[in-house]
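Descriptive structure summary
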Amino acid sequence: KNEVEQSPQNLTAQEGEFITINCSYSVGISALHWLQQHPGGGIVSLFMLSSGKKKHGRLIATINIQEKHSSLHITASHPRDSAVYICAPSKGGSEKLVFGKGTKLTVNP
Amino acid sequence: GAGVSQSPSNKVTEKGKDVELRCDPISGHTALYWYRQRLGQGLEFLIYFQGNSAPDKSGLPSDRFSAERTGESVSTLTIQRTQQEDSAVYLCASSSWTVPGELFFGEGSRLTVL
């Protein structure tokens, strides 16, 4: 069983829709990262969180440590949000990240 | 520099040759990470440097892989006697103690082993 499971693997939405990507993990963690990988390959760190909720613009990330679950939400989605979103928990006591396989999001105009 | 810089951006080599990949982190960032992404696959951790501490090499796939970092500056990832399965994009990231955990990624070095 993978240490990190993301769902869905692929997601297609219409512009303006509310998007949710889920991440469940089995390892004990100190923090969890959400990353965005654009079609050209560049990776951007969106959030690092260890509890509760963080918001940046139209993006919201939440984490429930007890349930070992995190979600990434995108409000009012836009075609430029099309990318692969990667959940990456940081193993407890370590900076070593464990990566999910990613969720490929396509937002159509 | 303004961001994490990696070179070369593309490298094609023949099986059995050695390659060196370079990462220049953001100035002042104490932590530096190397990751690998094979075609169609997820990211894999390779090695982590933090300041002057001993690096975490637990992700290196074989003894053909090694990495060095001089202080808190440039790092070099070396792959000896390359194999076709080494073909991947090698990504470097750095982070700072002042904003712990926020990672800044380079554009990657795409390695193709023929």
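Further up the page is the structure itself.
Everything quoted here is computed from the prediction, not taken from an experiment. (Residues numbered from 1 in each chain as written. Chains lettered and ligands numbered in written order. Predicted model: local features only at pLDDT ≥ 70, side-chain atom pairs only at ≥ 80, totals over all residues. Heavy atoms only, no water.)

A short note on the overall build of chain A
The secondary structure content of chain A amounts to zero helices and ten strands. Mapped in sequence order, the helices and strands of chain A form the string β-β-β-β-β-β-β-β-β-β. Computed over the C-alpha atoms, the radius of gyration of chain A is 13 Å, within 12% of the 13 Å expected from 2.2 N^0.38 for a compact globule of 109 residues. Across its three principal directions, the C-alpha atoms of chain A cover 40 × 25 × 25 Å. Counting only carbon and sulfur atoms, one obtains 49% of the accessible surface of chain A, whose full area is about 5200 Å². Side-chain charges of chain A comprise 11 positive and 7 negative groups, with the mean position of each set lying 4 Å from the other. (Helix = DSSP H or I, 4+ residues; strand = E, 2+ residues; numbered from the N terminus. Rg over C-alpha atoms; globule rule 2.2 N^0.38 Å. Areas by Shrake-Rupley, 256 points an atom, 1.4 Å probe, with all protein chains shown as cover. Lys, Arg positive; Asp, Glu negative; His and termini not counted. Charge placed at Lys NZ, Arg CZ, Asp CG, Glu CD.)

Section: the state of the cysteines
All names here are of chain A. Using the criterion set out here, one finds two disulfides over all chains in the structure. Here Cys23 is linked by a disulfide to Cys87, with a sulfur-sulfur distance of 1.9 Å. Judged by the sign of its S-S torsion, about -60°, the bond between Cys23 and Cys87 is left-handed. Here Cys23, found in strand β3 (residues 19-25), pairs with Cys87, found in strand β9 (residues 83-91); they are 64 residues apart in sequence, far enough to count as distant. (Disulfide = S-S within 2.5 Å.)

Quick word on the nonpolar core
Residue and element names in this part refer to chain A. Counting residues in each nonpolar core, the largest one holds 24 residues, and the members touching the most others are Leu32, Trp34, Leu46, Phe47, Leu49, Leu72 and Tyr85. Secondary structure elements with two or more residues in this core: β3, β4 (29-37), β5 (43-49), β7 (59-64), β8 (69-74), β9 and β10 (103-108). In terms of residue count, the dominant contributor to this core is β3 (four residues). Those residues within four positions of Leu46 in sequence are excluded, and the remaining contacts are Trp34, Leu35, Gln36, Leu59, Leu72 and Tyr85. (Core = buried A, V, L, I, M, F, W, Y, C linked by side-chain atoms within 4.5 Å. Buried < 20%, exposed > 50% of the residue type's maximum accessible area, 1.4 Å probe, protein only. Contact = heavy atoms within 4.5 Å.)

Section: the environment of Arg38 of chain B
Residue and element names in this part refer to chain B. Here Arg38 is to be found in the loop between β4 (31-37) and β5 (43-50). Leave out the neighbours within four places in its chain, and Arg38 touches Glu44, Glu85, Ser87 and Ala88. From its side chain, Arg38 meets the backbone oxygen of Glu85 in a polar contact 3.2 Å long. (Polar contact = N/O pair within 3.5 Å; in protein donor to acceptor, adjacent residues only side chain to side chain.)

Considerations on the packing of aromatic side chains
The relation between two aromatic rings is expressed through the spacing of the ring centres and the mutual angle of the planes. Scanning all chains against the criterion turns up five aromatic pairs over all chains. Residues Tyr33 of chain B and Tyr35 of chain B carry aromatic rings whose centres are separated by 6.0 Å and whose planes lie at 10° to one another, so their mutual orientation is stacked. Residues Tyr33 of chain B and Tyr35 of chain B agree in their burial class; the two are buried. Between Tyr33 of chain B and Tyr48 of chain B, the ring centres sit 4.8 Å apart and the planes meet at 20°, which makes this aromatic pair stacked. Note that Tyr33 of chain B is positioned in strand β4 and Tyr48 of chain B in strand β5, a separation of 15 residues in sequence. Side by side, Tyr33 of chain B and Tyr48 of chain B carry an identical accessibility label, which is buried. Here the aromatic cluster, defined as three or more aromatic residues joined through ring pairs, consists of Phe99 of chain A together with Tyr33, Tyr35, Phe45, Tyr48 and Phe105 of chain B. (Phe/Tyr/Trp six-rings, centres within 6.5 Å; stacked < 30°, edge-to-face > 60°.)

Digging into the pattern of salt bridges
Under the defined criterion, the tally for this structure stands at four salt bridges over all chains. With a closest N to O distance of 2.8 Å, Arg58 of chain A and Asp81 of chain A form a salt bridge. Placement of Arg58 of chain A in the loop between β6 (52-56) and β7 and of Asp81 of chain A in the loop between β8 and β9 is noted, with a sequence separation of 23 residues between them. According to the relative accessible area criterion, Arg58 of chain A is partly exposed, its value standing at 25%. On the basis of relative accessible area, Asp81 of chain A is assigned to the buried category, the value being 7%. The partner of Arg64 of chain B in a salt bridge is Asp86 of chain B, and the shortest N-O contact between them spans 2.8 Å. Linking Arg64 of chain B in the loop between β5 and β6 (65-69) with Asp86 of chain B in the loop between β7 (75-79) and β8 (88-95), this pair joins segments that are 22 residues apart in sequence. Overall, the relative accessible area of 1% leaves Asp86 of chain B in the buried class. (Salt bridge = Lys/Arg side-chain N within 4 Å of Asp/Glu carboxyl O.)

Any functional reading would require information that these geometric values do not contain.
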